[in-house]
Amino acid sequence: MKPAKFDYVAPTTVEAAVEALVASNGEGKLLAGGQSLLPLLNFRMARPSVLIDLNRIEGLSYIKDRGDSIAIGALTRHRYLEHSPLIASKLPVLSAAMRHVAHLAIRNRGTIGGSLSHADPAAELPMLTVFYDATISIRGPNGLRTVAAEEFFVDALTSCLEPDEIVVEIEFPVLDHDRWAFEEVARRFGDFALASIALSVRRTGAMLEDARLAVMGVANTPLRLKEAERELVALPLDEQAPELFSEIIASKVSPNDDVHASGEYRTHLLKELSRRALRTALTPAEREA
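Given the structure is predicted, the values throughout are model-derived calculations rather than measurements.

1. Regarding the nonpolar core
Okay, step 1: Formed by 40 residues in total, the largest nonpolar core has its most connected members in Leu94, Leu128, Tyr132, Phe152 and Phe172.
Okay, step 2: The biggest single contributor to this core is helix α8 (residues 124–132), with six residues.
Okay, step 3: Apart from residues lying up to four places away in sequence, Leu94 is in contact with Ile72, Ile87, Leu125, Leu128, Tyr132 and Phe172.

2. Quick look at the sheet that holds strand β5 (residues 69–73)
Okay, step 1: Taken together, five strands build an open sheet; the order of strands is β4-β5-β10-β6-β7 and the sheet is antiparallel. The open sheet has two edge strands with one neighbour each: β4 (63–65) and β7 (143–148). Within the sheet, the average angular offset between the axes of one strand and its neighbour, ignoring direction, is 20°.
Okay, step 2: Alignment of β5 against strand β10 (residues 166–173), held across five bridges, turns out to be antiparallel.

3. Brief notes about the environment of Pro48
Okay, step 1: Along the polypeptide, Pro48 turns up in the loop between α2 (37–42) and β3 (50–53).
Okay, step 2: If near-sequence neighbours (up to four positions away) are discounted, Pro48 is found in contact with Lys5, Phe6, Glu27, Gly28, Lys29 and Leu41.

4. Brief notes about the sheet that holds strand β14 (residues 223–224)
Okay, step 1: Taking strand neighbours across the sheet as the criterion, the four strands line up as β11-β12-β13-β14 in an open arrangement whose pairing is antiparallel. If you trace the sheet from one side to the other, it starts and ends with β11 (179–186) and β14, each paired once.
Okay, step 2: Where helix α10 (residues 226–233) meets the sheet, its contacts fall on β12 (193–204), β13 (207–216) and β14, and the angle it forms with β13 comes to roughly 150°.

5. A short note on the layout of surface pockets
Okay, step 1: Considering only enclosed or pocket space, the second largest pocket measures out at about 480 Å³ in volume.
Okay, step 2: The wall of the second largest pocket is formed by 20 residues, among which Pro121, Ala122, Asp258, His260 and Arg266 lie closest to the centre.
Okay, step 3: The residue inventory of the lining of the second largest pocket, partitioned by class, reads nine nonpolar, five polar and six charged.

6. Some details on the environment of Tyr62
Okay, step 1: You can see Tyr62 is positioned in the loop between β3 and β4.
Okay, step 2: Residue classification places Tyr62 among the buried positions, given a relative accessible area of 16%.
Okay, step 3: Each C-alpha atom of the pair Tyr62 and Tyr80 lies 8.9 Å from the other, and the pair is 18 residues apart in sequence.
Okay, step 4: Residue contacts for Tyr62: discarding those within four places in its chain leaves Ala71, Ile72, Gly73, Thr76, Val168 and Glu169.
Okay, step 5: A distance of 2.5 Å separates polar atoms of two side chains, one belonging to Tyr62 and the other to Glu169.

7. A short note on the pairing of β10
Okay, step 1: With six of eight residues buried, β10 lies mostly within the body of the structure.
Okay, step 2: Judged from the five bridges that link them, strand β6 (residues 135–140) and β10 form a sheet pairing that is antiparallel. Bridge assignment links Ser137 to a residue of β10, and that residue is Glu169.

8. Brief notes about the pattern of salt bridges
Oppositely charged side chains can pair when the atoms bearing their charge come close.
Okay, step 1: The final tally for this structure, using the stated rule, is 17 salt bridges.
Okay, step 2: For Glu171, the salt bridge goes to Arg66, with nearest N and O atoms at 3.7 Å. Residue Glu171 is found in strand β10, and its partner Arg66 is found in the loop between β4 and β5; the two are separated by 105 residues along the sequence.
Okay, step 3: Residue class for Arg66 comes out partly exposed when judged on its relative accessible area of 41%.
Okay, step 4: The partner of Arg188 in a salt bridge is Asp191, with the nearest N and O atoms 3.0 Å apart.
Okay, step 5: Judged by its relative accessible area of 57%, Arg188 falls in the exposed class.
Okay, step 6: Salt bridges sharing common partners tie together Glu243, Glu272, Arg275 and Arg276.

9. Regarding unusual backbone geometry
Okay, step 1: Residues other than glycine seldom take positive phi values, yet Ala102 does so here, at roughly 50°.
Okay, step 2: Within the secondary structure, Ala102 sits in the loop between α5 (92–98) and α6 (104–109).
Okay, step 3: We note that Asp133 has phi near 60°; this positive angle belongs to a residue other than glycine.
Okay, step 4: Tracing the backbone shows Asp133 in the loop between α8 and β6.

10. Things to note about the packing of helix α11 (residues 241–252) against helix α12 (residues 263–282)
Okay, step 1: Running from N to C, α11 and α12 cross one another at 140°; their axes reach a closest spacing of 8 Å. One way to sum up the angle between α11 and α12 is to call them oblique. The handedness of the crossing between α11 and α12 is right-handed. Every residue of α12 that contacts α11 at Ala241, Pro242, Glu243, Phe245, Ser246, Glu247, Ile249 and Ala250 is listed here: Thr267, Leu270, Lys271, Ser274, Arg275, Leu278 and Arg279.
Okay, step 2: In the contact of α11 with α12, the residues fall into seven nonpolar, three polar and five charged.

What counts, and where the lines are drawn
- Residues numbered from 1 in each chain as written.
- Predicted model: local features only at pLDDT ≥ 70, side-chain atom pairs only at ≥ 80, totals over all residues.
- Heavy atoms only, no water.
- Core = buried A, V, L, I, M, F, W, Y, C linked by side-chain atoms within 4.5 Å.
- Buried < 20%, exposed > 50% of the residue type's maximum accessible area, 1.4 Å probe, protein only.
- Helix = DSSP H or I, 4+ residues; strand = E, 2+ residues; numbered from the N terminus.
- Contact = heavy atoms within 4.5 Å.
- Pairing = 2+ DSSP bridges.
- Axes fitted to C-alpha atoms, helices over the stretch in contact; angles between N-to-C directions.
- 1 Å grid on protein atoms, 1.4 Å probe; cavity = no way out; pocket = protein on both sides within 12 Å on 5 of 7 lines; lining within 4 Å.
- Points joined across faces, edges and corners; volume = space filled by probe spheres on them.
- Nonpolar A, V, L, I, M, F, W, Y, C, P; charged D, E, K, R; others polar.
- Polar contact = N/O pair within 3.5 Å; in protein donor to acceptor, adjacent residues only side chain to side chain.
- Salt bridge = Lys/Arg side-chain N within 4 Å of Asp/Glu carboxyl O.
- Parallel < 35°, antiparallel > 145°, perpendicular 65-115°, else oblique.
- Left-handed = near helix turned anticlockwise from the far one by under 90°.

Below, the structure written as structure tokens:
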């Protein structure tokens with residue numbers, strides 16, 4: 001099919017883009033990378049009155065080191081995140097996850113702001129913003145507001161964005177952790193995840209001082225498992241730790257059945273991925289070999 005008829009505008013400032021959204025009375029759509037929007041247009045699942053192309057707006061594609069955090073502009077393409085030495089150094093879990101994001105052609109055009117706004121619960125970037133406790137900056141007719149990632153995602157394919165608002169920046173805190181892992185299972189590499197886990201820890205000797213943990217593919221939004229983080233820190237780091245950790249994870253999730261997999265199967269996948277993730281996080285030399 002072909003898209004239904006729509007008007008097209010290409011503003012050169014964020015303010016002009018917001019004005020166009022306001023003028024559309026909730027019937028406008030933003031075009032960034034277009035990797036999620038264009039299929040919806042072609043199947044006429046989205047019928048906007050106007051398409052607002054953000055790609056002529058300068059200053060929304062960047063990766064900036066702010067010391068304790070990394071700021072990323074909303075129009076930054078996936079491929080820049082995938083190949084950025086700064087991201088690899090300061091946000092290693094995000095860097096590792098990027099090669100799992102869709103396929104090369106999509107990573108060349110897709111943007112971080114577009115991915116977050118689409119709010120797919122099986123997409124890597126929404127999960128990583130929750131994992132890092134990122135702050136999302138949003139511009140609307142009333143000015144700029146910031147939202148914590150956990151509050152940004154409301155439901156499957158639903159964010160807290162108002163119809164006249166635009167994501168402009170995402171700020172990721174840098175974790176004081178020295179070991180990490182990212183594990184994912186998809187039907188084909190690059191497809192949306194059936195289950196995934198991100199893990200980062202700080203270890204001193206035989207003890208964990210801190211842990212960060214998030215999962216996706218098991219709920220309508222990505223989940224940070226804070227209670228499981230505390231339970232992981234309390235575990236003895238012996239050969240039984242991965243198995244105990246997997247049971248902790250399984251006790252914190254209740255995935256539903258869907259057309260792709262049963263809830264029981266997703267829980268099974270997550271248990272296996274959690275075992276792998278903890279083994280990797282506790283033996284970084286093997287990961288790098």
